[in-house]
Amino acid sequence: MGCRAFDLSRIAGALGAELHGIDLAASLDDGAIAEIRQALLDHLVIFFHDQHLTPEQHLAFGRRFGDLQIHDYVEGMPEHRQILEVRKEEDETGANFGGGWHSDVSYLEEPALGSILYAREVPAIGGDTMFANMYLAYDALSDGMKKLLDGMTAIHSARRAYGLQSNYFREGKRSMKIRRSSNAEREVEHPVVRTHPETGRKALYVNRGFTIRFSDMTEQESAPLLEYLYRHATRPEFTCRFQWHRNAIAFWDNRCVQHYAINDYHGQRRVMHRVTVNGDRPY
Ligand code: SIN
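Please read these numbers as outputs of a predicted model, since none were measured by experiment.

## A look at the environment of Lys202
Structurally, Lys202 is set in strand E10 (residues 202-204). Assessed through its relative accessible area of 35%, Lys202 is described here as partly exposed. Ignoring anything within four residues of it in the chain, the contact list for Lys202 reads Met134, Tyr135, Tyr138, Asp150, Val193, Arg194 and Thr195. Among the polar contacts listed, one links the side chain of Lys202 to the side chain of Asp150, at a separation of 3.4 Å.

Right, here's the structure in full:
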């Protein structure tokens, strides 16, 4: 498809493209939104620079791609509960939000389609985000491993991050309001290899953040193969890394991407606004 709404430049061999010359605060017609959606499907994570959106405009852009989510465990902004503020202050030295490879909310029966993260304040240096392409991760497996995994399902849960026993966000000061809850113990089952509902491509769908074990196996039994898959999935050649500037936006497809927020900016503030678009049940 010829691009009419923006210029596009790829940022890495594996995934990721920057879209230039488009103002997301403008009223975009359906054709422009369709082109953005196609760029997302083709490049898995897309980036925009120098965007000036009010919270309402950020939400309105997200709604062009689906219904928006209110996070179960992280309190949204008071006036806009569908905006999750990812905040780390200068004096916070503990774990950061999103600081491990994961696919957003894979512990839900219907995990997120995509996340739209808007940089409000960024550190002078550090605080990049990495992304990994789960189509490539699947494609690179041997035929034998693909055959094994194709029939398998795995259990996902929010308990490590948000369960009553979670230590994840306990240490140090934390400005984000994160709730621990017995609801986070809930388990859902997803295919280990999912088929993307729009592209029809197969993607590896286990992540270190929220996958607990394979179905009908113990955690101990599952651990060696899961560990192999986590490492394999994030091999450098399947990844890209985005260096943030204020007012940049990243929009990633959680159905075929994992991401990792790098926690290398202690002593500096980083404030991001995330709008999360609901997805459907993986198959
Ligand atoms: C997230 O996991 O949504 C946060 C990503 C980031 O802060 O870079």
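Now that the structure has been shown, the text picks up again.
## What about unusual backbone geometry?
Even without glycine at this site, Leu44 takes up a positive phi of about 75 degrees. A positive phi angle, near 75 degrees, is found at Asn247, a position not held by glycine. With respect to the element layout, Asn247 can be found in the loop between strand E12 (239-242) and strand E13 (249-253).

## Some words on the sheet that holds strand E14 (residues 257-261)
Taking strand neighbours across the sheet as the criterion, the 3 strands line up as E12-E6-E14 in an open arrangement whose pairing is antiparallel. Across the chains shown, the open sheet's two edge strands, defined by having one partner strand only, are E12 and E14. Each strand of the sheet is rotated relative to its neighbour by a mean of 20 degrees, with strand direction disregarded.

## What about the pattern of salt bridges?
If you walk through the whole model with that rule in mind, you get 20 salt bridges. Between Arg213 and Glu187 there is a salt bridge whose closest N-O contact spans 3.3 Å. A residue pair is termed long-range when its members are at least 10 positions apart, and Arg213 in strand E11 (residues 211-214) and Glu187 in strand E8 (residues 187-191) qualify at 26 residues. With a relative accessible area of 18%, Arg213 lands in the buried category. Glu187 gets classed as partly exposed once you look at its relative accessible area, which sits at 37%. Among the salt bridges present, the one from Glu227 reaches Arg208, with a minimum N-O distance of 2.9 Å.

## Structural notes on the sheet that holds strand E7 (residues 153-157)
With antiparallel pairing, 3 strands are arranged side by side in an open sheet as E8-E7-E11. Each having just a single partner strand, E8 and E11 make up the two edges of the open sheet. Between one strand axis and the next, the sheet turns by 35 degrees as a mean value, whatever way the strands run. Across 3 bridges, E7 lies against E11 in antiparallel orientation. In the sheet register, Ile155 faces E11, and the bridge partner there is Arg213.

## Thoughts on the site of the ligand
Around the ligand sit Val86, Gly98, His102, Asp104, Leu117, Thr129, Trp252, His259, Ala261, Arg270 and Arg274, and that is every residue in its neighbourhood. A distance of 3.1 Å separates an oxygen atom of the ligand from a polar side-chain atom of His102. In the model, an oxygen atom of the ligand is placed 2.8 Å from a nitrogen or oxygen of the Arg270 side chain. Listing elements by their share of the shell around the ligand, those giving two or more residues are E14 and strand E15 (270-278). A class-by-class count of the residues in the shell around the ligand yields 4 nonpolar, 4 polar and 3 charged.

About the criteria used
Residues numbered from 1 in each chain as written. Predicted model: local features only at pLDDT ≥ 70, side-chain atom pairs only at ≥ 80, totals over all residues. Heavy atoms only, no water. Helix = DSSP H or I, 4+ residues; strand = E, 2+ residues; numbered from the N terminus. Buried < 20%, exposed > 50% of the residue type's maximum accessible area, 1.4 Å probe, protein only. Contact = heavy atoms within 4.5 Å. Polar contact = N/O pair within 3.5 Å; in protein donor to acceptor, adjacent residues only side chain to side chain. Pairing = 2+ DSSP bridges. Axes fitted to C-alpha atoms, helices over the stretch in contact; angles between N-to-C directions. Salt bridge = Lys/Arg side-chain N within 4 Å of Asp/Glu carboxyl O. Near = heavy atom within 4 Å. Nonpolar A, V, L, I, M, F, W, Y, C, P; charged D, E, K, R; others polar.

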